[in-house]
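Geometric and topological summary
Take a look at the letters that make up each chain.
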Amino acid sequence: MPRSSTTGLPFLVRRTDTGKFCYHRDVPAAVAAFITGEVVLPWKEGIHKLEGRPTVKVSLATGDEATARVRWNRVHEQVEALVQMGQVLAAEKEQRGRERNTVQRLPVGAVGTIAAQARHDLLAEHDQCWIDPTFTSPLTGVVVRLMMNASRTASLDPVDDARRFADDLRLRDAKAALVSRRSGTLDGEIKEGEVTDPHLIAAISDLAAGRVVRLTPEQNAALTAACPTSTISSELDLRLAENGLDLPQGHTDRRALALALLRTTVNGVEAVKARDAGAAIDTPERPPVMAPVPRPETAAAPMPLLSAMRERWIKEERPLGKQQDDNALYTGYFIGKFGDLPVDQITKPVLKDFMDLLERCPRNVPHAIRRASLAERIAWGEKPANLKQPRLARRTVNAKGLGSISAALTMAEKLGHIAVNPCSKMGLKITEADVIKREPYSLEDLRRIFSTSVYVAPIDIPISGCGSAAHWLPLLALFTGARLEELGQLLVGDVKQVDSLWCIHITDLPDEDDAADRKAWWGEKEPEKAVKTAAARRYVPVHAELVRCGFLDFVARRRRDGFKRLFPELKAYRGRITKAWSTFWARHTDEHVTKSPRKTFHSFRHLFVARLRAAGVDRDIIKALVGHANKDVTAGYGVVDGTLFPVAVLHEALQKVRVDGLELSHLHRPELIKAA
């Protein structure tokens, strides 16, 4: 029922607290779940999302009633269309949920019963239009949207004009089907199309503005051509389903029922027109549905939703914080656009649409819309001033966008809810141009890095550099090859003696570049069954140059001062200790070292591997040092504390890491060591 309103327009309400108008509408709970979509708000260049809630609230952002009426008109026609579609989907679900009996012939009297149901529904719909002026059929709602889109100045209530036009369209189609002996038009609804004929646009504008009462036959035909038939469900199938029946395509009884429904449509619409002319025609009683086939005693369990499978994935797989955050972001984008679908309704076409949208999404957006929906981010990126903003990389679309949905669907497949994960073989093609290949830092880059104020007295470290982290993380990366996050999370107790040699006990935490590194360095793919967790650890001996630079003295001071973490200045963000610090490093190197997008903190790791390979170190030893699992099955035999090789062997190999021409003696001075 329309919410009480003093404006004369249903659902248009003035808020008592702010004095501004809003569109406030309650919908039945059974229908609300199917009402999802976006309402465009032209006056603020934004959208309002409907997400299946029983109350629709849209702020009209004005206290002026005349302006509110115009904005109400824009909102109401969009909400009404979504509500009508929700009613269709709810009814369709209810009818399709019935047990259906595939019969060889319709029971005696079935054609007449179903036709009488259709006549009642048609006339009852007309009654509802009189009782509730806001009510429209799905067909009328489509015509309203076409009229509103085609007119520059919309009338305050185009629904009556649209309803009459829809009746004309329905009557004409039914008569044409009877004459042609083809029931195809019976099976379709009309959906919104693109009107391009300028004469037709002008005519619809006149209709919307109330300057004419009817479109000409030629204009009717042109509008019909602009509205292709939809593939929603046919009226014939829905009516059979409602009565618990099913008939094969091409069956003679199916054609008999189609003929009866077409005649009912013609007679019913003509009765509606007679009513509009003043005739008193009663709505007949609706015959009850025919007895459906009894349901089994135990109904099938409902298909789980995407969100439920995501929660199950988190519970069973226990992904790390950042992976969970990324998954939540992209799953949220999907649900915001397509709804929280049952997993069996997530098909390859739906996934393709999702990936197409992600390709249009800008990579970086202003802070004000960081939490915006996918549609809002795309809309921002497609404004003229933002067209040059880079879009999400294809690797990101595949790994994070599609990968987030695939994680939940893999769990659904594992539990037997779906036969095959539809994400399989759905990734976007990655070309050489799509991959930013990381490069190692050059000798000149390293000289610049270690001659900034972070390393030259008087020491001057920006706040964002997090104190000693800015000094030690690059040095550690240069001489351990460890990933940034692995170094940032180190504990004081991770630096220890093993077999009388100082080592760093590192937790393996693969990053986004890991798969690319494997392919580039070893020509291998990430092992499908290699699950890396916080328990997978390796020993990396402390390089002699780190000792000369005072690293062990630094660790001793941290231990003496009672610190648990080696770099307590680093604060976690979205599950990553070094998230904020990596931003500092990018800005710092852009200003003092290089602006090349191919050179990041990960370039230290590339340089480390390159130096070891140049020194002739065995590849399995290199893998052990950088934390890459060996694909050889026998490589797992003899592993102790995460390492296959004795620490002495690793220590000997590590000392071969040197960069000829790089002078670090200025870092050996006691006063600098103490300052660091």
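Right, let's walk through the structure included here.

Parameters and conventions
- Residues numbered from 1 in each chain as written.
- Predicted model: local features only at pLDDT ≥ 70, side-chain atom pairs only at ≥ 80, totals over all residues.
- Heavy atoms only, no water.
- Pairing = 2+ DSSP bridges.
- Helix = DSSP H or I, 4+ residues; strand = E, 2+ residues; numbered from the N terminus.
- Axes fitted to C-alpha atoms, helices over the stretch in contact; angles between N-to-C directions.
- Phe/Tyr/Trp six-rings, centres within 6.5 Å; stacked < 30°, edge-to-face > 60°.
- Buried < 20%, exposed > 50% of the residue type's maximum accessible area, 1.4 Å probe, protein only.
- Lys NZ or Arg CZ within 6 Å of the ring centre and 35° of its normal.
- Core = buried A, V, L, I, M, F, W, Y, C linked by side-chain atoms within 4.5 Å.
- Contact = heavy atoms within 4.5 Å.
- Expected span 1.5 Å × (residues − 1).
- Salt bridge = Lys/Arg side-chain N within 4 Å of Asp/Glu carboxyl O.

**Comments concerning the sheet that holds strand S5 (residues 55-59)**
Spatially, the three strands line up as an open sheet ordered S1-S2-S5, and their pairing is antiparallel. A single partner strand is all that each edge strand has here, and the edge strands are strand S1 (12-14) and S5. Here the strands of the sheet are splayed against their neighbours by 30° on average, with no regard to which way each runs. When S1 meets strand S2 (residues 21-26), the two strands line up antiparallel, connected through three bridges. What sits directly across from Arg14, in S2, is Phe21.

**Overview of the packing of aromatic side chains**
Here the structure, examined in full by the defined rule, presents 16 aromatic pairs. Note on Phe338 and Phe354: the rings are 6.3 Å apart at their centroids and 80° apart in plane angle, and the pair reads as edge-to-face. On the criterion of sequence distance, the pair formed by Phe338 in helix H11 (residues 321-338) and Phe354 in helix H12 (residues 348-360) is long-range, its members being 16 residues apart. Between Phe601 and Phe604 the ring centres are 5.2 Å apart and the planes differ by 70°, which places this aromatic pair in the edge-to-face class. Each of the two residues, Phe601 as well as Phe604, counts as buried. By way of ring pairs, the aromatic residues Tyr441, Trp581, Phe584, Trp585, Phe601 and Phe604 are connected into one cluster. Just above the ring of Phe563 sits the side chain of Arg558; from NZ or CZ to the centre is 4.9 Å.

**A closer look at the nonpolar core**
The biggest cluster of nonpolar side chains holds 61 residues, and the ones touching the most others in it are Leu446, Phe551 and Trp581. Leave out the neighbours within four places in its chain, and Leu446 touches Tyr441, Leu478, Phe604, Leu607, Val659 and Leu662.

**Description of helix H9 (residues 252-276)**
Relative to the 36 Å expected for 25 residues at 1.5 Å per residue, H9 spans 36 Å between its end C-alpha atoms, a close match to the ideal helical length. Of the residues trailing H9, Gly278 is marked for its positive phi of about 115°.

**Brief notes about the pattern of salt bridges**
Across all of its chains, the model carries 20 salt bridges by this definition. Lys414 is paired through a salt bridge with Glu316; the nearest N and O atoms lie 3.1 Å apart. Taken together, the residues Lys414 in helix H14 (residues 394-414) and Glu316 in helix H10 (residues 306-317) connect sequence positions 98 residues apart. Its relative accessible area of 32% is what places Glu316 among the partly exposed residues. Across the pair Asp561 and Arg560 runs a salt bridge, and its minimum N-O distance is 3.6 Å. Residue Arg560 is classed as exposed on the basis of its relative accessible area of 63%. One network of salt bridges, with partners in common, ties together Lys49, Glu51 and Arg53.

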